Amino acid sequence: MKNKPKNLFGIPSWLLAVFTSIIAIILLIVFAGLLGSISGLDKDVSEGISYLIYGIIITIACFYICRNDPKSIWYILILVNAAGIISAIVEPNFWITAIWMYISIGWVTSIIGAVIGYLAGVRNRNEINQI
């Protein structure tokens, strides 16, 4: 039991992080489009809801990936948040619009989710090693 594979569903942690990032971006675009098409909804509100869903997906993924493979905490956060990091560097209006607040909240919650997942994973591994 000590040599348990460090992947979830047979997929390595780094690849799960990349898949999560891609799926979260697709869902962000879909939700932003759907919510934006509702005539009575303000654009800022629809963007906020879309980024909230994006942040929740990223946070949950960081928790589960780091719980399963605690050592992956060092690179999971960068891979999962790659789109936000790249947009913060490349997008000229990133820091002067409301987008930075939404993405930054996602960064903070993903760090919290990853740390909690890491702690749960380390605790779980210690319990398994004691058996």
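The preceding data block contains the structure.
About the cut-offs
- Residues numbered from 1 in each chain as written.
- Predicted model: local features only at pLDDT ≥ 70, side-chain atom pairs only at ≥ 80, totals over all residues.
- Heavy atoms only, no water.
- Phe/Tyr/Trp six-rings, centres within 6.5 Å; stacked < 30°, edge-to-face > 60°.
- Helix = DSSP H or I, 4+ residues; strand = E, 2+ residues; numbered from the N terminus.
- Buried < 20%, exposed > 50% of the residue type's maximum accessible area, 1.4 Å probe, protein only.
- Expected span 1.5 Å × (residues − 1).
- Disulfide = S-S within 2.5 Å.
- Axes fitted to C-alpha atoms, helices over the stretch in contact; angles between N-to-C directions.
- Parallel < 35°, antiparallel > 145°, perpendicular 65-115°, else oblique.
- Left-handed = near helix turned anticlockwise from the far one by under 90°.
- Contact = heavy atoms within 4.5 Å.
- Nonpolar A, V, L, I, M, F, W, Y, C, P; charged D, E, K, R; others polar.

Student: Just to check I follow, could you spell out the packing of aromatic side chains for this structure?
Tutor: For any two aromatic rings, the description comes down to two numbers: the centre-to-centre distance and the angle of the planes. With the rule as written, the count across this model stands at six aromatic pairs. Judged by centre distance (5.6 Å) and plane angle (10°), the rings of Tyr-51 and Tyr-102 are stacked. Of this pair, Tyr-51 sits in helix α2 (residues 43-68) while Tyr-102 sits in helix α5 (residues 99-130), placing them 51 residues apart in sequence. Note on Phe-94 and Trp-95: the rings are 4.7 Å apart at their centroids and 85° apart in plane angle, and the pair reads as edge-to-face. By relative accessible area, Trp-95 is classed as partly exposed at 49%. Three or more aromatic residues joined by ring pairs make a cluster, and in this case those are Phe-94, Trp-95, Trp-100 and Trp-107.

Student: Explanation requested: helix α1 (residues 13-36) in the structure shown.
Tutor: A turn of α-helix holds 3.6 residues, and therefore any two residues three or four places apart point the same way. Between the first and last C-alpha of α1 there are 34 Å, a value that for 24 residues agrees with the 34 Å anticipated at 1.5 Å per step. When we look at burial in α1, the residues that qualify are Ser-13, Leu-16, Ala-17, Thr-20, Ser-21, Ala-24, Leu-28 and Leu-35.

Student: What exactly am I supposed to notice about the state of the cysteines here?
Tutor: Note: disulfide means a covalent bond formed between the sulfur atoms of two cysteine side chains. With the rule as written, the count across this model stands at zero disulfides. We note that Cys-62 lacks a disulfide partner, and the nearest cysteine sulfur, in Cys-66, lies 6.0 Å from it.

Student: What should I look at first to understand the packing of α2 against helix α3 (residues 73-80) in this one?
Tutor: Think of two packed helices as two axes; the pair is described by the angle between the axes and how far apart they sit. Where α2 meets α3, the closest approach of the two axes is 10 Å, and the angle between their N-to-C directions is 160°. By the criterion of interaxial angle, the relationship of α2 to α3 is roughly antiparallel. In this structure, α2 meets α3 at a crossing whose hand is right-handed. Residues Tyr-54, Ile-58, Cys-62, Ile-65 and Cys-66 of α2 touch α3, and the partners they reach there are Ile-73, Ile-76, Leu-77 and Val-80. Broken down by class, the residue content of the contact of α2 with α3 amounts to nine nonpolar, no polar and no charged.

Student: Explain the side chain of Ser-46 here, please?
Tutor: Along the chain, the position of Ser-46 falls in helix α2. For Ser-46, a relative accessible area of 4% translates into the label buried. Ignoring anything within four residues of it in the chain, the contact list for Ser-46 reads Leu-35, Gly-36 and Leu-41.

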